Amino acid sequence: MIRFENVSVTYDGVAEPTVRDVDFMVPEGELVLLAGPSGVGKSTLLGAVSGLVPHFTGGVLRGRVTVAGRDTRTHKPRELADVVGTVGQDPLSHFVTDTVEDELAYGMESLGLPSAVMRRRVEETLDLLGLAGLRDRPLATLSGGQQQRVAIGSVLTPHPRVLVLDEPTSALDPAAAEEVLAVLLRLVHDLGTTVLLAEHRLERVLQYADQVALLPAAGAAPLLGAPADVMAVSPVFPPVVDLGRLAGWSPLPLTVRDARRRAADLRERLAALETRDVPAARETPVPVAESPATPETPVPVAESPAPAAVPRARRPFRRLRPAPAPAPAALSAPAGPSPASPSPIRPASPSIPFLSGPPAEARSLGVRRGGVQALRDVDLTVGPGETVALMGRNGAGKSTLLNAFVGLVAPSAGTVRVGGSVPHRTSPRDLVRRVGLVPQEPRDLLYADTVAAECAAADRDARAAPGACRALVSELLPGIADDIHPRDLSEGQRLTLALAVVLAARPPLLLLDEPTRGLDYAAKARLVAVLRGLAAAGHAIVLATHDVELAAELAHRVVLLAEGEVIADGPTAEVVVSSPSFAPQVTKILAPQEWLTVAQVRRALG
Amino acid sequence: MADRRSRPPLHPGAWWLWALGLGSAATRTTNPLLLGLLLTASAYVVTVCRPDTPWSRSYSAFLKLALAVLVVRLVFVVVLGSPIPGTHVLLTLPEVPLPHWAQGIRLGGAVTAEGLLFAWYDGLRLATLLVCVGAANALASPSRLLKTLPGALYETGVAVVVALTFAPNLIADVHRLRAARRLRGRPDRGLRGLLQVGLPVLEGALERSVALAAAMDARGYGRTADVPAPVRRTTAALTLGGLLGVCAGTYGLLTAAGGTYGVPVLLAGVVAAVAGLRLGGRRSARTRYRPDRWTPRACLTAASGVAVAALLVLAASADPADLNPGVVPLTAPALPLWPAAAVLLALLPAFVHKEPS
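Everything numeric here is computed off the predicted structure, so don't read it as measured data. (Residues numbered from 1 in each chain as written. Chains lettered and ligands numbered in written order. Predicted model: local features only at pLDDT ≥ 70, side-chain atom pairs only at ≥ 80, totals over all residues. Heavy atoms only, no water.)

**A word on the domain arrangement of chain B**
Residue and element names in this part refer to chain B. Rules: What fixes the domain bounds is an automatic or database domain assignment. The buried area of a pairing is the accessible area, by a 1.4 Å probe, that goes missing from both parts when the two are put together, added over both. We define a salt bridge as a contact between a side-chain nitrogen of Lys or Arg and a carboxyl oxygen of Asp or Glu at a distance within 4 Å. In protein, a polar contact means a hydrogen-donor-capable atom and an acceptor-capable atom, both N or O and within 3.5 Å, with residues adjacent in sequence counting only if both atoms are side-chain atoms; elsewhere, any N or O pair within 3.5 Å suffices. Three classes are used: nonpolar for Ala, Val, Leu, Ile, Met, Phe, Trp, Tyr, Cys and Pro, charged for Asp, Glu, Lys and Arg, and polar for all others, with Gly counted as polar.
Under the domain assignment used here, chain B contains domain 1 (8–224 + 294–357) and domain 2 (229–283). Using C-alpha coordinates to define each centre, domain 1 is positioned 34 Å away from domain 2. The largest contributions to the domain 1 side of the interface with domain 2 come from Ala 152, Leu 153 and Thr 224, which together make up 83% of the buried area. At the junction of domain 1 and domain 2, the tally comes to zero salt bridges. Here domain 1 is connected to domain 2 by zero residue pairs in polar contact (both at pLDDT 80 or more). Looking at the side of domain 1 that touches domain 2, its residues break down into two nonpolar, two polar and no charged.

As C-alpha cells, this is what we get:
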C-alpha cells in the first residue's frame, strides 16, 4: 500500500540527508508503528507519504514513494487527499472550519462528493468515533482527546485507504489516549485501513502494532519487523520490554498481559528479596535521596538550609534515611542508551534563598476563569526537596493550579502562597526568585536569537552573576554551541534550555507543565536525572503530567485532580497502584507487589 | 442547542439582510425613541435566536464599542463645543485661548443642553448602526456567509475566513507570551512588554499559518477539475470583458457626457462578469455539505428587515420632522406612531424562529 524505494530526503541548507536509504513496504490493512529516538526523521517519513515532503516543506527527495500506486513525485498532496489522510501533532492547527460537523465534511467537500454521500458518511463517522453528542460544538471548546478524535474523523470521512498519524496520543491523558487508539484499531479491523503512526510513548501503542519500523539513529536505514523482534534491538522501548529484557524473557512480551503470564517467577524472586529487606523497596519506592548517595556525589540535602526552615513540611525527613543498597548508575538511566551526563546535578543547592514559608502552599484555593470553576477548594502544600506529580484528565485544572502558583491567575477564593508571599501581588522580578515555571511550550520562554544571548538575558532578569545560566546550560546540556538559534534545538534540548533559564534565578519551587511531551526515552531519562538532582538539592518540584511512567520515576507524592478538585493526594505508590488508568506498566505486571519502575526492580535484583 | 438540532439554521444571508435593513433604517432617523425601539427589537431577536457559538459572543463586544462611540461623541462636544446655537448653558469650562490661525476651533467654553442633546441623538444613531452589525455577526458568523459564495470565489472566501481567525489567535498569542514574560521576571504590563513580544507573536502566527496551509493542502484544498481549453478561454474573456464593462459603465454614469451609454454598458459588464464566474465555477469540483437554503422562514426574516428599512425611508421623506426631532428649542421627542409600528416588524424573526412548544 505504501512503498518506499531507496528514499532519502535532504532539506535545504542541510548537508546530510535527514533520512537515508529508506526501503520498505507497508502492506494493506496493517497498523505499522514508526519508532525511534527524536530527530531521526520520523515526521519526515510520515510527510513523505502524504506528499507534504517535499512539495510543501522544500528539500530534495531521492528515490520513490508510492501510495496506492500513485507516485508522490507526480502527485501533489491535494491529489493524494482521497487515498491518504494525515493528522499532525497539533489537532488545532489542522482545523479549517469551526464546528465538528463542518470539519468532518470539509475533506469530502474538497473532493466533490455528492451531498447525499456526505450526509451519510458524516453520520457514520460521528457514530464510529463517538462524537454524535458533540456535532454542533465549536472545535475550540473541545477537550484534547475530543479534538484528536475530530481530527482523525475529519480525514476518515473521504474514506482514505491510508491513515498517517504523527504522535496521536502524546498530548492526551491515559484514558483519552486509549479512546483514540481504540478507534484506530477499529478502523484497521473493520475497514481494512492501513495505518502508519509515529509515537514516542511506545507503552501506549506497541501492543496494537502489527509491525514496527524502527529508525535506530539519524541517517540510519530503518528496520522493519515483528514488534517483539524489533524491540529486542531497539534503542527505544517501553517499560514492559525493559522488564522483559531484565528478566531475560524471550520472545519479549509486548503487553502487560503477556508479561504478567511470564512474571510468576520474577514475582516469587522479588517476594523472597522483599522478606529479606523489607524497608528497601516498600517504603521508599522512589528514593530520591539515593541518587546523590552514590559514592561520587555526597548527600547535599542535609546541608541545605531549606528543610530546617520548614518544620511543617509533610514528610521532610523520610527521604534522608540512608539508602540500604548503593544505587547503581542505572537509576538515572531507566531506558536505553544512558544519558550523556549520568551524574545528577545540584546547581542550586548552595544558595536557595531563605524563605518564610513552604515553597508552595494553597489553602481552599478556588479559581474561576471565564465563568468556569477551574479549581475548587484545593489544599496543597509542597515541602522543600519534595516532588509532586499533578495528574488528571485534560482540562482537570492542572495548568490552572500551576498558573496560580506563579501569579498568572488570581484566586477567587482561598489563598495561595509561594515561600510566604502572594504570587499575583508580587512583582515579577521578585517572584522569579521564589518560583519558576517551565510552560507546556518551552519556546514561549525563549526570545533571543542565540543560546548565548538567551543566557545573558536570563542572568540579567534573575540578577544572577553573569555566566550563571550558561554554566547551567553546559551542565544540563553539554555540547550546545553558543550561536545556535533556540528554534533549531530539538524538543528536549529546548526544554532543558528553558529549564536552565528558569533555574538561573534559583527558585526554591520549580513547576513543570507537561515536560515530557515530545521527548523520547533518552531525553526523558536525562530530564529525570536532572530533576532528581534538583530535588536532592532542596528544590520543591511540581510536575503536571499525563505520563504515568514519569510520575512513577520521580514523584514522592501524586495529586489527582478531577473537575478542579483534588480527589486523591498521597504517596506515589498508594495513589498510582490503586488506579487502573494511572498505574505504570511495571505495577500492573508485578501486582499485587508494589513496584513502580524497572529501575527499582533492577536494583532489588542487584 | 436543541433548537439548532431540530431545525437547520437560517441562511446567513437572511440574517445579514435583516440586520443591514435595520441598520439602514437607523440611519434615516435621529429620534431617540425610534432608535431605542430598534435597539430593543434587535437585542430581543439576538437573545432569542442566537446559536451557541464563540461568534455569537461578539455581540457584547459590539455593544461596548457602540457605547464607546456614544461617549466619545459626547466628550468631544463638551471639550470642543458644538455648532448648535443653544441658550440653556449647563456648565462653563475654562476656555483655552488659541492663536488666531486656529480660528474656528474652540477648547472649553460653555456647554449647552442643546449641543449635548444633538450629539446624543447623532451618536445614538451611529451606535444603533454598530449594534445592528453586531447582531448580524452574532446570528450568523461572517465565515458562514462567505461559504455561500459561488464556487469560483470559494477559494478566496476560505482565504478570507482563515484571515478572520488570524486576529483572535494573535490576541491569544499575545496574552500567552506576555504571561511568559512574567515567568522570566520581566514586567508583564506596559507598552514595552507588548513591543518585545511582537516578534515571537508574529513568528508563531506565521508558523501556524504554514501548518494550516499544509493541513488544507493535504485535505484536498485547491483540487481542480479538468476543464476543456475553449471553456477556460471563454471564462477568462467573459470575466475580463465584464470587469472592463463595469469600469467603463461606472465611468459613463459619473461623467456628464456619458449619460447615454453608461447604464447599458454597466449592465452588459455585470452580466458578462456573472457569466464568467458561473463558468469559472466548473473548474472547482467542490460540493457542499448541507448547504444553507432559502427556506420560507429565511425569506420572512430577510423581508422583515427590508420592510423596516423601506418603511422608514418612506416615513423620513413623508414626515422628516417626526423622525428628526429638533433640539432648538428644546422639546421632548414624540413617538411617531406609524414608523414605530414599522420598526416592530423587525421582531418577526423571533416569532418565526421560536420552537413551537
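**Focus on the sheet that holds strand β4 (residues 60–67) of chain A**
All names here are of chain A. Stated formally: Here, strands pair whenever DSSP counts at least two bridges between them. Runs of H or I in DSSP of at least four residues are treated as helices and runs of E of at least two as strands, each being numbered from the N terminus.
Spatial strand order, β2-β1-β4-β5: four strands in an open sheet with antiparallel pairing. A strand with exactly one partner marks an edge of an open sheet, and here the two such strands are β2 (19–26) and β5 (70–71). Sheet topology note: the strand β1 (residues 2–10)/β4 ladder contains seven bridges and is antiparallel. Residue pairing across strands places Arg 3 opposite Thr 66, the latter belonging to β4.

**Regarding the nonpolar core**
All names here are of chain A. Rules: Nonpolar cores were defined as sets of buried Ala, Val, Leu, Ile, Met, Phe, Trp, Tyr and Cys residues, with membership established by side-chain atoms within 4.5 Å. Accessibility here uses a 1.4 Å probe with only protein chains present; expressed as a share of the type maximum, an area under 20% marks a residue as buried, one over 50% as exposed, and anything in between as partly exposed. Any two residues whose heavy atoms approach within 4.5 Å at even a single point are treated as in contact.
Residues Leu 365, Leu 401, Phe 405, Leu 499, Leu 510, Leu 511 and Leu 531 are the most contacted members of the largest nonpolar core, which totals 74 residues. At eight residues, the largest contribution of residues to this core is made by helix α19 (residues 491–503). Apart from the residues lying within four places of it in its own chain, the contact partners of Phe 405 are Ala 360, Glu 361, Ala 362, Leu 380, Val 416, Arg 417, Val 418, Pro 423, Val 435 and Leu 511. Listed in part, the 68 residues of the second largest apolar core include Val 155, Val 236, Leu 254 and Leu 266.

**Description of the interface of chain B and chain A**
In this assembly, 46 residues from chain B lie in contact with 58 residues from chain A. For the pair chain B and chain A, the summed buried area comes to about 4,700 Å², and 53% of that belongs to carbon and sulfur atoms. Of all residues in chain B, B:Arg184, B:Arg219 and B:Tyr289 bury the most surface against chain A, accounting for 22% of the area lost on that side. In this assembly, chain B and chain A are joined by 11 salt bridges. B:Arg290 is paired through a salt bridge with A:Glu101; the nearest N and O atoms lie 2.3 Å apart. At the junction of chain B with chain A, the criterion picks out 22 residue pairs in polar contact (both at pLDDT 80 or more). Sorting the residues of the side of chain B that touches chain A by element identifies α1 (2–6), α6 (142–147), α7 (154–183) and α8 (191–218) of chain B as the ones contributing at least two each. If you tally residues by element for the side of chain B that touches chain A, the top one is α8(B), at 13 residues. When its residues are assigned to classes, the side of chain B that touches chain A shows 22 nonpolar, six polar and 18 charged.

**A look at the environment of A:Ala140**
Along the chain, A:Ala140 turns up in the loop between α5 (115–128) and α6 (144–156). Along the chain, A:Ala140 and A:Glu491 lie 351 residues apart, while their C-alpha atoms are 25 Å from each other.

**Side note on the side chain of A:Arg149**
Residue and element names in this part refer to chain A. By the secondary structure assignment, Arg 149 is in helix α6. According to the relative accessible area criterion, Arg 149 is buried, its value standing at 10%. Beyond its immediate chain neighbours, meaning those up to four positions away, Arg 149 contacts Leu 129, Gly 130, Leu 131, Glu 179 and Val 180.

**Section: the pattern of salt bridges**
Inspection of every chain in the model, using the stated rule, returns 38 salt bridges over all chains. In this structure, B:Arg184 and A:Glu454 form a salt bridge, with 2.8 Å as the shortest nitrogen-oxygen distance. With B:Arg184 in the loop between α7 and α8 and A:Glu454 in helix α17 (residues 451–462), the pair connects residues from two separate chains. In terms of burial, B:Arg184 and A:Glu454 fall into one category: buried. A salt bridge links B:Arg73 to B:Asp122; the shortest N-O distance between them is 3.2 Å. Residue B:Arg73 is located in helix α4 (residues 58–80), and its partner B:Asp122 is located in helix α5 (residues 113–139); the two are separated by 49 residues in the primary sequence. Shared partners join several salt bridges into a network, and the residues in it are A:Arg3, A:Glu5, A:Arg64, A:Asp71 and A:Arg73.

**Remarks on α5(A)**
Let me state the cut-off plainly: By this rule the span expected of a helix is its residue count minus one, scaled by 1.5 Å.
In this model α5(A) runs 20 Å from its N-terminal to its C-terminal C-alpha over 14 residues, within 8% of the 20 Å that 1.5 Å per residue would give. If you follow the buried residues of α5(A), they end up packed against α4 (100–111) and α6 of chain A.

**Section: the packing of aromatic side chains**
Heads up, the rule is: Classification of ring pairs uses Phe, Tyr and Trp, with its six-membered ring standing for Trp, and accepts pairs whose centres are within 6.5 Å; under 30 degrees between planes counts as stacked, over 60 as edge-to-face, and the remaining range as tilted. The rule for a charge over a ring is simple: NZ of Lys or CZ of Arg within 6 Å of the ring centre, and within 35 degrees of the ring normal.
Per the stated rule, a full pass over the model turns up two aromatic pairs over all chains. Pairing A:Phe4 with A:Phe24 gives two aromatic rings, centres 5.0 Å apart and planes at 40°, and the pair type is tilted. Placement of A:Phe4 in strand β1 and of A:Phe24 in strand β2 is noted, with a sequence separation of 20 residues between them. As far as the burial class goes, A:Phe4 and A:Phe24 line up, both buried. Ring centres of B:Trp15 and B:Trp18 lie 5.6 Å apart, and the angle between their planes is 80°; this geometry places the pair in the edge-to-face category. One end of the pair is B:Trp15 and the other is B:Trp18, both in helix α2 (residues 12–27) and three residues apart, which spans about a single turn. Positioned above the aromatic ring of A:Phe237 is the side chain of A:Arg245, whose terminal nitrogen or guanidinium carbon lies 4.1 Å from the ring centre.

**So, unusual backbone geometry**
All names here are of chain A. In the segment running from Val 53 into Pro 54, the intervening peptide bond is cis, with an omega of 5°. Here the bond from Ala 591 into Pro 592 is cis, since omega is 5°, no more than 30 degrees from zero. Inspection of the secondary structure assignment puts Pro 592 in the loop between α23 (585–590) and α24 (598–605). Despite not being glycine, Ser 364 shows a phi value in the positive range, around 35°. Backbone geometry at Glu 563 places phi at a positive 50°, although glycine is not the residue there. Position of Glu 563 among the secondary structure elements: in the loop between β18 (557–562) and β19 (565–571).

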